[in-house]
Amino acid sequence: MAKADEIAAVLRQQIRSLGADLKMEEVGVVVEVGDGIARVWGLRSAVASELLRFPGDIYGLVLDLQEDSVGVALLGPDEGIKEGDEVRRTGRVLQTPVGEGFLGRVVDPLGRPLDGGPPIEPAGYRKTDEKAPGVIARKPVDTPLQTGIKCIDALTPIGRGQRELIIGDRRTGKTAIAIDTIINQKGQGVFCIYVAIGQKSSTIAKVVDALKRYGAMEYTVVVAAAAEDPAPLQYIAPYAGCAMGEYFRDKGQDALIIYDDLSKHAVAYREISLLLRRPPGREAYPGDIFYTHSRLLERAARLSDEHGGGSLTALPIVETKAGDITSYIPTNLISITDGQIYLEADLFNKGQRPAMNAGLSVSRVGGAAQIPAMKEVAGQLRLELAQYRDLAAFAEFAQELDEASRAQLARGERVMEVLKQPQFQPMPVEEQIAILYVAVSGHLDDLPVEAVSSFEGRFLAYLREEHKEVLEELRRERHMTDSVRKGLEAAVKAFKDSFRA
């Protein structure tokens, strides 16, 4: 029979080897849920933007900190969540998976594939709502990001690291400009991110199909938060897309991001804020809607050489109603961005595509983001268009015009015709310069307006075949040298003779 001290020794040994370790865990309880928003009691240590885990592996984002509860935006369906459910903290803020593996894929804002392809192995994770680079980390915007669209590259040039707003009514060609810009980056070393916010799934499918058709998906990521997705997913979509773009920027590479569109993003944020019972402001938007967009768009930057020299260029899109650019969200975005491309419904309906209003469109980076040859041609082009606009307005009321005014109007009509460009046909910058030089130099003045489009297509084909040395010198030298000017003059003179014949 074992002695008492032997039993005690065995028990002591067992207790020592047990090594029980108590772990404290903060657990919350759902007190209210509905419309993608949950109110959780008991998580006193939760922080803003922290991820919480709900039953059914649904995650939520802490957006509202009250004294006794937290307001959580659910990043998934809320049907399986009910009052009394336990909620646990994850201890981490929302992060976005990033990496080259996302190129060519369609994903949701959490990085999950939507295209039926295999799961994506990320190269790492970045904070979804990252702080924008400071002033010292940036350098001036001076390198062009060519869109391939004549009127934009000439009149409202976009530089790498810039934020240029595309603004206009619905169905005026805003998304078309964005897609053409992505297609034009082929072979330019620019990675593209297209963020679709609150759009119909069929519309997103059309965009993806166009990008595939023109070989642009291989360097593009599509982040999609469709109209049927919960408002919180639509809210985080542009931030997630931006984090993916910053991955390339911080590696010293160039990236372009399209936000299509921030009007729907503002509506999604308004919905979340009202459900969280935050006080509404102008047009029922929350008071921090300006900050919501400014902290997103400020993340677009061109970094200094000490920080890798990469860039992230942003093209946010915003929709107006009846051409009113003075409403709340458009004026906010105009004040945040470095210029805007204003698309006018009247011009669109008259067949001017792209329907850019050259008077209301502006780039605050200006000629700094243009090659010298384009800067020279664009200066003359702006002058011609300004004079044409003034004369066209005057001619509506004037009975008779003098010869000089009629000639100015005629040239303006032909210049406007040259600025037309079909969708999915971006143009190399040297060809843009060639045809714009021909237009502003008066070589089209004696052609019928309806013949200008045919002349342009055939003249550029003639240049590529018979005078390719002129285009090559323009591409190489980037200046309107005397030999380029003489070559263009000789080419247009020879071609016009054959064109008339």
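Residues numbered from 1 in each chain as written. Predicted model: local features only at pLDDT ≥ 70, side-chain atom pairs only at ≥ 80, totals over all residues. Heavy atoms only, no water.

A. Looking closely at the overall build of the chain. Tallying secondary structure elements over the chain gives 15 helices and 16 strands in all. For the chain, the C-alpha atoms occupy an extent of roughly 125 × 45 × 40 Å along the three principal directions. A buried classification covers 53% of the 501 residues belonging to the chain. Considering only contacts within the chain whose residues lie at least 6 apart along the sequence, 75% involve residues at least 24 apart. (Helix = DSSP H or I, 4+ residues; strand = E, 2+ residues; numbered from the N terminus. Buried < 20%, exposed > 50% of the residue type's maximum accessible area, 1.4 Å probe, protein only. Contact = heavy atoms within 4.5 Å.)

B. Examining the packing of helix α12 (residues 429-440) against helix α14 (residues 468-477) more closely. Close contact between α12 and α14 brings their axes to 9 Å; oriented N to C, the two are set at 115 degrees. Judged by the angle between their axes, α12 and α14 are roughly perpendicular. The handedness of the crossing between α12 and α14 is right-handed. Across the interface between the two elements, Glu430, Glu431, Ile433 and Ala434 from α12 touch Leu471, Leu474 and Arg475 from α14. (Axes fitted to C-alpha atoms, helices over the stretch in contact; angles between N-to-C directions. Parallel < 35°, antiparallel > 145°, perpendicular 65-115°, else oblique. Left-handed = near helix turned anticlockwise from the far one by under 90°.)

C. The arrangement of the sheet that holds strand β2 (residues 37-41) in detail. Strand order in the closed barrel made by the six strands is β1-β2-β5-β4-β3-β6, with antiparallel pairing throughout. Going across the sheet, the axis of each strand differs from the next one's by a mean of 45 degrees, ignoring polarity. Where strand β4 (residues 58-65) lies against strand β5 (residues 69-74), five bridges are found, and the strand directions are antiparallel. In the strand pairing of β5, Leu61 is matched with Ala73. (Pairing = 2+ DSSP bridges.)

D. Region of interest: the packing of aromatic side chains. Scanning the model with the defined rule gives 12 aromatic pairs in all. Relative to Tyr239, the ring of Tyr235 has its centre 5.6 Å away and its plane inclined at 65 degrees; by these criteria the two rings are edge-to-face. Of the two residues, Tyr235 and Tyr239 both sit in helix α5 (residues 231-249), four residues apart, roughly one turn of that helix. Neither residue differs from the other here; Tyr235 and Tyr239 are each classed as buried. Taking the centre distance of 5.9 Å and the plane angle of 55 degrees together, the rings of Tyr285 and Tyr328 count as tilted. Of this pair, Tyr285 sits in the loop between α6 (262-275) and α7 (289-297) while Tyr328 sits in helix α8 (residues 328-336); the two residues are 43 residues apart in sequence, bridging distant segments of the chain. (Phe/Tyr/Trp six-rings, centres within 6.5 Å; stacked < 30°, edge-to-face > 60°.)

E. Structural detail: helix α11 (residues 403-418). An ideal rise of 1.5 Å per residue puts 22 Å on 16 residues; α11 measures up with 23 Å between its terminal C-alpha atoms. Within α11, the full set of buried residues consists of Ser405, Gln408, Leu409, Gly412, Arg414, Val415, Met416, Glu417 and Val418. Buried positions along α11 lie against α2 (150-155), α10 (372-395), α12 and α13 (452-466). Between a side-chain oxygen at the N-terminus of α11 and the backbone nitrogen of Ala404 the separation is 3.0 Å; the capping residue is Asp402. (Expected span 1.5 Å × (residues − 1). Polar contact = N/O pair within 3.5 Å; in protein donor to acceptor, adjacent residues only side chain to side chain.)

F. Representation of the pattern of salt bridges within the structure. According to the stated counting rule, one finds 35 salt bridges in the structure shown. Linking Lys150 and Glu456 is a salt bridge whose minimum nitrogen-to-oxygen distance equals 2.5 Å. Here Glu456 lies in helix α13 and Lys150 lies in helix α2, a separation of 306 residues in the sequence. A single burial state applies to Lys150 and to Glu456, both of which are buried. Residue Arg163 pairs with Glu298 through a salt bridge whose shortest N-O separation is 2.7 Å. Of the two residues, Arg163 is situated in the loop between α2 and β10 (165-168) and Glu298 in the loop between α7 and β14 (311-319); the sequence distance between them amounts to 135 residues. For Arg163, a relative accessible area of 10% gives the class buried. (Salt bridge = Lys/Arg side-chain N within 4 Å of Asp/Glu carboxyl O.)

G. Spatial organisation of a positive patch on the surface. On the surface, a cluster of positive charge is contributed by Arg170, Arg171, Lys200 and Lys206. Topologically, Lys206 is positioned in helix α4 (residues 201-213). What makes Lys206 exposed here is its relative accessible area of 64%. (Patch = residues over 30% accessible without salt bridge, like charges linked within 9 Å, V, L, I, M, F, W, Y side chains within 5 Å. Areas by Shrake-Rupley, 256 points an atom, 1.4 Å probe, with all protein chains shown as cover. Lys, Arg positive; Asp, Glu negative; His and termini not counted. Charge placed at Lys NZ, Arg CZ, Asp CG, Glu CD.)

H. Layout of the sheet that holds strand β8 (residues 106-107). Spatial strand order, β8-β12-β11-β13-β14-β10-β15-β16: eight strands in an open sheet with mixed pairing. A single partner strand is all that each edge strand has here, and the edge strands are β8 and β16 (362-363). Strands β10, β11 (190-197), β12 (220-225), β13 (254-260), β14 and β15 (339-343) of the sheet are contacted by helix α3 (residues 174-183), whose axis makes an angle of about 160 degrees with β14. Sheet strands in contact with α5 are β8, β11, β12, β13 and β14, and its direction is about 175 degrees off that of β11.

I. Examining the state of the cysteines more closely. For the structure on display, the rule yields zero disulfides. With no disulfide of its own, Cys192 has Cys242 as its nearest cysteine by sulfur position, at a separation of 14 Å. (Disulfide = S-S within 2.5 Å.)

J. Molecular detail of the pairing of β10. Side chains Leu165 and Ile167 of β10 all project onto a buried face; the interleaved residues Ile166 and Gly168 project onto the opposite face, where all are buried too. Where β10 lies against β14, three bridges are found, and the strand directions are parallel. Counted as the bridge partner of Gly168 is Glu319 from β14.

K. Representation of the nonpolar core. Formed by 133 residues in total, the largest nonpolar core has its most connected members in Ile182, Tyr259, Leu381, Ile433, Phe455 and Phe459. Top contributing element to this core by residue count: α5, with 10 residues. Sequence-distant contacts of Phe455, that is, excluding residues within four places in its chain, are made with Val438, Leu444, Leu447, Val492, Phe495, Lys496 and Phe499. In terms of nonpolar packing, the next biggest core, distinct from the first, is built from 14 residues, Ala38, Leu52, Ile58 and Val70 among them. (Core = buried A, V, L, I, M, F, W, Y, C linked by side-chain atoms within 4.5 Å.)

L. Highlighting the packing of α12 against helix α15 (residues 482-500). Two elements in contact, α12 and α15, have axes whose closest approach is 11 Å; the angle formed by their N-to-C orientations is 70 degrees. Between α12 and α15, the angle is such that the two are roughly perpendicular. By crossing handedness, the relation of α12 to α15 is classed as right-handed. Facing Ala434, Tyr437 and Val438 of α12, the residues of α15 in contact are Arg485, Leu488, Glu489 and Val492.

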